[in-house]
Amino acid sequence: LTMFWPYYEVWQGLERIDVLRIIASVEYAIMMPCVVVYMVKTWRFNRAGTLPDVHADMADTFAHPSTTYTDGYEVGGGDESYLDEVLEKQADMIKYLQQHNKKLSKRLATIQHNQQT
């Protein structure tokens, strides 16, 4: 702003603080409609989307309370085959991540060795 101040005839008669106020006002005038449009798009997206699994499970819990609670204890979230499937998937993911970690460690060691030589 300081380097352009002497070259603009439009700014003659205005103080520097007035120019800064004009620039800030124009910036806010451009920014506010963009923020409002973004908020509306976000609101519509969230309204149209399905609920997360946690909320869906909670809705099922309250919709069918007799199947969820037995003698005061909460049943775990499905039958044993479902739990076995989840545990198997988790075990597979752990194995995959361990293998991936080993590959990355080897790659990092190779890169460090190449940088040293």
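Residues numbered from 1 in each chain as written. Predicted model: local features only at pLDDT ≥ 70, side-chain atom pairs only at ≥ 80, totals over all residues. Heavy atoms only, no water.

Within the protein chain, the secondary structure is distributed over four helices and two strands. In sequence order, the protein chain lays out its α and β elements as α-α-α-β-β-α. For the protein chain, the proportion of its 117 residues judged to be buried stands at 3%. For the protein chain, the accessible surface area stands at approximately 11,300 Å², while carbon and sulfur atoms represent 61% of it. (Helix = DSSP H or I, 4+ residues; strand = E, 2+ residues; numbered from the N terminus. Buried < 20%, exposed > 50% of the residue type's maximum accessible area, 1.4 Å probe, protein only. Areas by Shrake-Rupley, 256 points an atom, 1.4 Å probe, with all protein chains shown as cover.)

What follows covers the pattern of salt bridges. Pairing is possible between side chains of opposite charge, provided their charged atoms come close. On inspection of all chains with the given rule, the structure shows two salt bridges. Put simply, Asp-18 and Arg-21 hold a salt bridge, and the shortest N to O gap is 3.6 Å. On the criterion of helical spacing, the pair formed by Asp-18 and Arg-21 is a turn pair, its members being three residues apart in helix H1 (residues 16–48). Accessibility expressed as a relative area gives 26% for Asp-18, which makes it partly exposed. Here Glu-85 makes a salt bridge to Lys-89, at a shortest N to O gap of 3.4 Å. Residue Glu-85 and its partner Lys-89 are located together in helix H4 (residues 80–116), separated by four residues, close to a single helical turn. (Salt bridge = Lys/Arg side-chain N within 4 Å of Asp/Glu carboxyl O.)

Right, let's get into the confidence of the model for the protein chain. Predicted confidence across the protein chain gives a mean pLDDT of 78, with 66% of residues reaching 70 or more. Taken element by element, the protein chain is modelled with least confidence in strand E1 (residues 69–70), mean pLDDT 48, and with most confidence in H1, mean pLDDT 92. Taken together, the stretch residues 68–73 has pLDDT below 50 and engages in eight contacts with residues farther than four places along the chain or on a different chain. (pLDDT = per-residue confidence, 0-100. Contact = heavy atoms within 4.5 Å.)

Turning next to a nonpolar patch on the surface. A contiguous nonpolar patch, built from Tyr-28, Met-31, Met-32, Val-35 and Met-39 and spanning about 470 Å² of accessible area, is present on the exposed surface. As for its position among the elements, Met-39 is in helix H1. (Patch = residues over 30% accessible without salt bridge, like charges linked within 9 Å, V, L, I, M, F, W, Y side chains within 5 Å.)

Attention now moves to a negative patch on the surface. Residues Glu-80, Asp-84, Glu-88 and Asp-92 make up a contiguous surface patch of negative charge. Here Glu-80 shows up in helix H4. (Lys, Arg positive; Asp, Glu negative; His and termini not counted. Charge placed at Lys NZ, Arg CZ, Asp CG, Glu CD.)

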